[in-house]
Every structure is written in structure tokens, then in C-alpha cells.
Amino acid sequence: MKLITFKTNGYSRLGTLTEKNEVVDLNYAFQALLQSKGKFRSETIAEAYVPSDAKGFIEGGEESLNYAKEAIDFAQAKPDVFNHQLIYKKEDVKIEAPIQNPGKMFCVGHNYEEHIKEMGRDLPENPVVFAKFDNTIVGPEDDIVHYPISDKLDYEAELAFVIGKEAKNVSEADALNYVAGYTIVNDVTYRDIQQRTLQWLQGKTVDGTAPMGPWIMTSDELQDPDGLELVLTLNGEEMQRSNTSNHVFTVQKLVAFLSGLATLKPGDIVLTGTPGGVGSARDPQVFMKDGDVVKIEIDKIGALENKVVAENKQK
């Protein structure tokens, strides 16, 4: 399932994108299904099992996913039986970042060998971990705002995964059972600000530096995150290409490692690192500027595309 967050009439709602390129409102669809079965308190029940926000839905696990699938079938068969709209044309809504309020947002650095080499580092014995915060999250239809604090605005294509259930001291063998699904994140970085201290945080946490989406591909459909081709283009020119089979630390290893440090919760997001080809490592260097379009494509997930806009040119 392509799990999305979309905005209509000023409200953000949980939905899915169908093969017909239509958006189904999952919460309202489940309410309609319950009403068709003569259930009382359908709104309350729907909010408990298929809530209108992605994080709450993920907390419901497989049970919520199964209810949502039933609701989708019902909405497609009977789209006009409810007092709220159940199905929208994709172009009539705004697609937002699939999760906007993660409890934790772990980022992994130096997780592709070619990127480690281009940055002049040795292969790490343990994952290099830093954080972003929810102020960085923007959606697939939002611009990347370029603030005048630096002209070294770099791109980083990354596979990200979303935790599906509470995880503590999880084994690698069992790790994928704790993943709700996968999405794409551009770990936008003000490179000189990142590198002016040993700690990277300040160059990584500027507002709007984590474009995310366009959806979460749920793990019932994408069961193996290994072997996914990843490509980033800047204004149509290929800048990064690799495969998740080149991860130094696999998704399984990261779940095991991070759950040994902190209790992972549903809705937490982990960015798995970027491959070689970042702008700061090129000769000559290439950085994003006003008007640029950056696009990331990952096999079996989709594409995330954003335009870079100078702060003083924002609408």
C-alpha cells in the first residue's frame, strides 16, 4: 500500500494512492464500511483502528492495515454512500510528507563505501548516527527553501524506513518484522555549516532540509529493502547512483543497533545514508541553487522531486 498524508479543505488526512492514481481517505472509508454493517459509534471505532493520521495508523500494526484494505475495497465499490468524500483525484489534493511528527528521526552517515571514500574517511566499525528533527520535514510538493546562511546547499539521496512497532534489543533475524514501510528522504545539508564543527547537527537541522515522500510503501508489499536501485538527478543530470545492496550496515543491522541504544517507537524514521556523488565531493563542487530541481528515484518505492527556491522568492 502507498500510504500518504494529503491535505484537502485545510485538513491533513491519511490516505492511500490507488493504481488509478486516486486518493482514498482511509479513515472516512472505514467509517463508511462500519456504517454499512450497521455499527454504532462508527466514527469512534474508525478513529481507534484506522485513524486520520499516519503515526496513529502505524501504531495499529497489521490489524489496522487489514481494516484499511477492506475499507479501500468498499470505497472503490461504493464511493457515494457516505456523507464525506471518500475518493479524490490526485491533482485535487496536496500530497504532504507521509509522517510529519516522528518521535525520533535517526540518520546514518557513511553507509555506502563509495561515499565514505569520497569524504576521505575509513569504513566505520559501528554506524555513524546523528539526528534531524521534525522542523526539517517537508513534503513532495513543497519547495526546498534555500536560506542565505550558506551557498553550499548539498543533496543526499536516501532510503528511509519507518518503525512499525516498539523495538528494544531486536535481533537482526527479526528486525524487518519491526519495519512498517519505506520512503524516500533527501538529507539536504548546508555543507560548510555541517563541517565547521565535529558535530554535524547544525548543518543538518535547518528548517525544511528533509523533503520526504511521496508515500510510505508498506512492508507487506516491499518485503526486502536489499537490492533497490537509487538515483538522484539535479536538473535532469545524474549525480548519484547506487544500490541498497551496497549498504555497509543493512536495514536489519540498523534496527538491531539502534534498538540497542534506544527504544524505537511506531512512526520513528531512520535514514539509511547516502551514496557517492554528493556535490561537495565533486571537482568542481556542485551545490543546489535557486530554481534547481532535484529528483530521487528508488526501485519499488517511487520518486521524490522538489524545487529549490531562495527564501526571498518564496510565494
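Now for a quick tour of the structure. Please read these numbers as outputs of a predicted model, since none were measured by experiment.

## Remarks on the packing of helix α1 (residues 26-36) against helix α2 (residues 42-49)
The geometry of α1 relative to α2 is characterised by a closest axis approach of 9 Å and an angle of 135 degrees between their N-to-C directions. One finds that α1 runs oblique with respect to α2. With respect to the hand of their crossing, α1 and α2 are arranged in right-handed fashion. Residues Asn27, Phe30, Gln31, Leu34 and Gln35 of α1 pack against Ser42, Glu43, Ile45, Ala46, Glu47 and Tyr49 of α2. Split into classes, the residues belonging to the contact of α1 with α2 amount to 5 nonpolar, 4 polar and 2 charged.

## Concerning the environment of glycine 279
Inspection of the secondary structure assignment puts glycine 279 in the loop between β17 (269-271) and β18 (293-298). Take glycine 279: its relative accessible area is 0%, and that puts it in the buried class. The residues contacting glycine 279, other than those within four sequence positions of it, are Asp154, Tyr155, Gln285, Val286 and Phe287.

## What to know about unusual backbone geometry
Cis geometry is found at the peptide bond from glycine 213 to proline 214, where omega equals 0 degrees. Within the secondary structure, proline 214 sits in strand β14 (residues 210-218). The linkage connecting aspartate 283 with the following residue, proline 284, adopts the cis geometry, with an omega of 5 degrees. Looking at the element boundaries, proline 284 is found in the loop between β17 and β18. If you check the backbone angles, histidine 110 has positive phi at about 55 degrees while not being a glycine. Look at histidine 110 and you get buried, because its relative accessible area is 9%. Positioned with a positive phi, asparagine 169 is a non-glycine residue whose angle comes to about 55 degrees.

## Side note on the side chain of arginine 13
With respect to the element layout, arginine 13 can be found in strand β2 (residues 11-17). In this structure arginine 13 comes out as buried when scored by relative accessible area, which is 11%. Look past the residues within four positions of arginine 13 in its chain and what remains in contact with it is Ile4, Thr5, Phe6, Asp25, Asn27, Tyr28 and Ser52.

## Comments concerning the packing of aromatic side chains
Both the distance between ring centres and the angle between the ring planes are used here to describe each pair of aromatic rings. As enumerated under the stated definition, the model contains 5 aromatic pairs in all. Ring plane angle 55 degrees and centroid distance 5.5 Å describe the contact between phenylalanine 6 and tyrosine 88, whose orientation is recorded as tilted. Within this pair, whereas phenylalanine 6 is found in strand β1 (residues 2-8), its partner tyrosine 88 is found in strand β4 (residues 87-89), the two being separated by 82 residues in sequence. On the basis of relative accessible area, tyrosine 88 is assigned to the buried category, the value being 9%. When the ring of phenylalanine 30 is compared with that of tyrosine 67, the centres are 5.0 Å apart and the planes differ by 35 degrees; the resulting orientation is tilted. Within this pair, whereas phenylalanine 30 is found in helix α1, its partner tyrosine 67 is found in helix α4 (residues 61-77), the two being separated by 37 residues in sequence. Classification of phenylalanine 30 as buried rests on a relative accessible area of 2%. Through a chain of ring-to-ring contacts, the aromatic side chains of Phe30, Tyr49 and Tyr67 assemble into a single cluster. Between the NZ or CZ atom of arginine 13 and the centre of the ring of tyrosine 28, over which it lies, the distance is 3.7 Å. In this structure, lysine 165 is placed above the aromatic ring of tyrosine 178, and the distance from its NZ or CZ to the ring centre is 4.8 Å.

## Some thoughts on the environment of valine 50
You can see valine 50 is positioned in the loop between α2 and α3 (54-59). Classification of valine 50 as buried rests on a relative accessible area of 0%. Separated by 16 residues in the primary sequence, valine 50 and asparagine 66 place their C-alpha atoms 9.7 Å from one another. Excluding residues within four positions of it along the chain, valine 50 makes contact with Leu26, Asn27, Phe30, Phe57, Ser64, Tyr67 and Ala68.

## A short note on the nonpolar core
By size, the foremost hydrophobic cluster in this structure holds 52 residues, and its most contacted members are Val23, Phe161, Tyr182, Met288, Ile298 and Ile301. Other than its neighbours up to four places away in sequence, valine 23 contacts Ile4, Phe6, Thr16, Leu17, Leu86, Ile87, Tyr88, Lys90, Val93 and Ile95. Within the second largest apolar cluster, 41 residues are counted, among which are Val24, Leu33, Leu86 and Met105.

Basis of the calculations
Residues numbered from 1 in each chain as written. Predicted model: local features only at pLDDT ≥ 70, side-chain atom pairs only at ≥ 80, totals over all residues. Heavy atoms only, no water. Axes fitted to C-alpha atoms, helices over the stretch in contact; angles between N-to-C directions. Helix = DSSP H or I, 4+ residues; strand = E, 2+ residues; numbered from the N terminus. Parallel < 35°, antiparallel > 145°, perpendicular 65-115°, else oblique. Left-handed = near helix turned anticlockwise from the far one by under 90°. Contact = heavy atoms within 4.5 Å. Nonpolar A, V, L, I, M, F, W, Y, C, P; charged D, E, K, R; others polar. Buried < 20%, exposed > 50% of the residue type's maximum accessible area, 1.4 Å probe, protein only. Phe/Tyr/Trp six-rings, centres within 6.5 Å; stacked < 30°, edge-to-face > 60°. Lys NZ or Arg CZ within 6 Å of the ring centre and 35° of its normal. Core = buried A, V, L, I, M, F, W, Y, C linked by side-chain atoms within 4.5 Å.

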